[in-house]
Amino acid sequence: MSSWLPRNVSTFGGDVDGIFWLIFYMTAAWFVLTEGLIVYFAFRFRRRVGRRAAYVTGSGWKQLSWVLVPVAVVIVLDVFLDLRGAEVWARIKGQPPPPALVVRGTGKQFNWEFTFPGRDGSFDTPDDLHVENNLHVPAGKVIHVVLTSKDVIHSFFLPHLRLKQDVVPGRQITVWFEATQPGEYEIPCAELCGFGHSGMKGMLYVHTQQDFDKWLAERLAETDALAARKQR
Ligand SMILES: [Cu+2]
């Protein structure tokens, strides 16, 4: 069954999938039960010669209970689901664990721009590293992505990491994840943001720490070389 969903490579992905399957099985069971009863009753009480149709007023406890009992069961299941969901929500959206790396993610028409703080570890300094569309991170580390948008609403979506967050101009929203396996994973935009929306696709590259350090050192060296050439 889990083949419906992309492979989970996030530390909190199992919790999100747990809620997904809980909702799925609960609604599936309810669907089969109610549709089954409709079909059964339609057949059982079908029109027959010599049998008068009953006039159901819906008054009286016996008739009312056909509505009130299922409503009560639905409310109980709903509250149960809300409580389970709130637990997972609090774990993921509550206090994010301290980051090993902070990256800025800016949505614009029609791509993502990722900014790494460079050697000094702080943003808005000359050694900031800007990368179009591709986010590179080490595996097994807590990554914070500070999201915003330059123009319209976009949605930052990492399906393999079970992470999705709308990005809104004028607002900074920090999300976090910890990828468990190195690999290449798609970053689509999940909000219809204009004519270039479907082409708005980036990649998440999860490296081993060693490979990530190597990638970062190479990119920073490139930026240095470029800056030196400009000065000449
Ligand atoms: Cu979009």
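Because the structure is a prediction, the values reported are computed rather than measured. (Residues numbered from 1 in each chain as written. Predicted model: local features only at pLDDT ≥ 70, side-chain atom pairs only at ≥ 80, totals over all residues. Heavy atoms only, no water.)

Side note on the sheet that holds strand β9 (residues 183–188)
Pairing in this open sheet of three strands is mixed, and the strands run β4-β10-β9 from one edge to the other. Taken across any chain shown, the strands that pair with only one partner, and hence form the sheet edges, are β4 (134–138) and β9. The sheet shows a mean angle of 20 degrees between the axes of neighbouring strands, taken without regard to direction. Two strands pair when backbone bridges link them, and β9 and strand β10 (residues 201–207) are joined in this way by six bridges, in the antiparallel orientation. Bridging from a neighbouring strand, E184 pairs with Y205 of β10. The strands touched by helix α3 (residues 209–231) within the sheet are β4 and β10, with β4 carrying the most contacts at an inclination of about 135 degrees. (Pairing = 2+ DSSP bridges. Helix = DSSP H or I, 4+ residues; strand = E, 2+ residues; numbered from the N terminus. Axes fitted to C-alpha atoms, helices over the stretch in contact; angles between N-to-C directions. Contact = heavy atoms within 4.5 Å.)

Focus: the nonpolar core
Core analysis: the biggest nonpolar cluster contains 40 residues, and F116, L135, F156, F177 and L204 have the highest contact counts within it. Apart from the residues within four sequence positions on either side, F156 is in contact with W112, F114, L135, V145, L147, L163, K164, Q165, V167, V175 and I187. (Core = buried A, V, L, I, M, F, W, Y, C linked by side-chain atoms within 4.5 Å. Buried < 20%, exposed > 50% of the residue type's maximum accessible area, 1.4 Å probe, protein only.)

A short note on the sheet that holds strand β2 (residues 111–116)
Across a sheet, paired strands are connected by hydrogen bonds in the backbone, their directions being either parallel or antiparallel. Read across the sheet, five strands follow the order β3-β2-β1-β5-β8 without closing on themselves; strand pairing throughout is mixed. Lying at the two open borders of the sheet, with one neighbouring strand each, are β3 (129–132) and β8 (173–178). Going across the sheet, the axis of each strand differs from the next one's by a mean of 25 degrees, ignoring polarity. In this structure, β2 lies alongside β3, joined through four bridges in antiparallel fashion. Paired with F114 across the bridge in β3 is V131. Across the face of the sheet, α3 comes into contact with β1 (101–108), β2 and β3 while running at roughly 105 degrees to β3.

Notes on the coordination of the copper ion
Around the copper ion, the protein contributes the donor atoms C189 (SG), E191 (O), C193 (SG) and H197 (ND1), which lie 1.9 to 2.4 Å from the metal centre. Here the copper ion binds four donor atoms, and the angle range of 83 to 122 degrees at the metal identifies the geometry as irregular. Written as a sequence motif, the donor arrangement for the copper ion is C-x1-E-x1-C-x3-H. Judged on exposure class, the residue C189 and its partner C193 are both buried. (Donors = N, O, S within 2.8 Å, 3.2 Å for Na, K, Ca; no water. Tetrahedral: all angles 85-135°; square planar, octahedral: opposite > 155°, others 65-115°.)

A look at the packing of aromatic side chains
Taken as a whole and judged by the stated rule, the model has 15 aromatic pairs. Measuring from ring centre to ring centre gives 5.3 Å for F24 and Y25, while their planes differ by 75 degrees; the resulting arrangement is edge-to-face. Taking the relative accessible area as the measure of exposure, F24 reaches 22% and is therefore partly exposed. Its relative accessible area of 45% is what places Y25 among the partly exposed residues. One aromatic cluster in this structure is built from W4, F20, W21, F24 and Y25. When the ring centre of F43 is taken as origin, the NZ or CZ atom of R46, which lies over that ring, is 4.4 Å away. (Phe/Tyr/Trp six-rings, centres within 6.5 Å; stacked < 30°, edge-to-face > 60°. Lys NZ or Arg CZ within 6 Å of the ring centre and 35° of its normal.)

Topic: the environment of S10
If you trace the backbone, S10 turns up in the segment before α1 (13–44). At 3.3 Å, the side chain of S10 forms a polar contact with the backbone nitrogen of F12. (Polar contact = N/O pair within 3.5 Å; in protein donor to acceptor, adjacent residues only side chain to side chain.)

None of this, on its own, says anything about what the molecule does.
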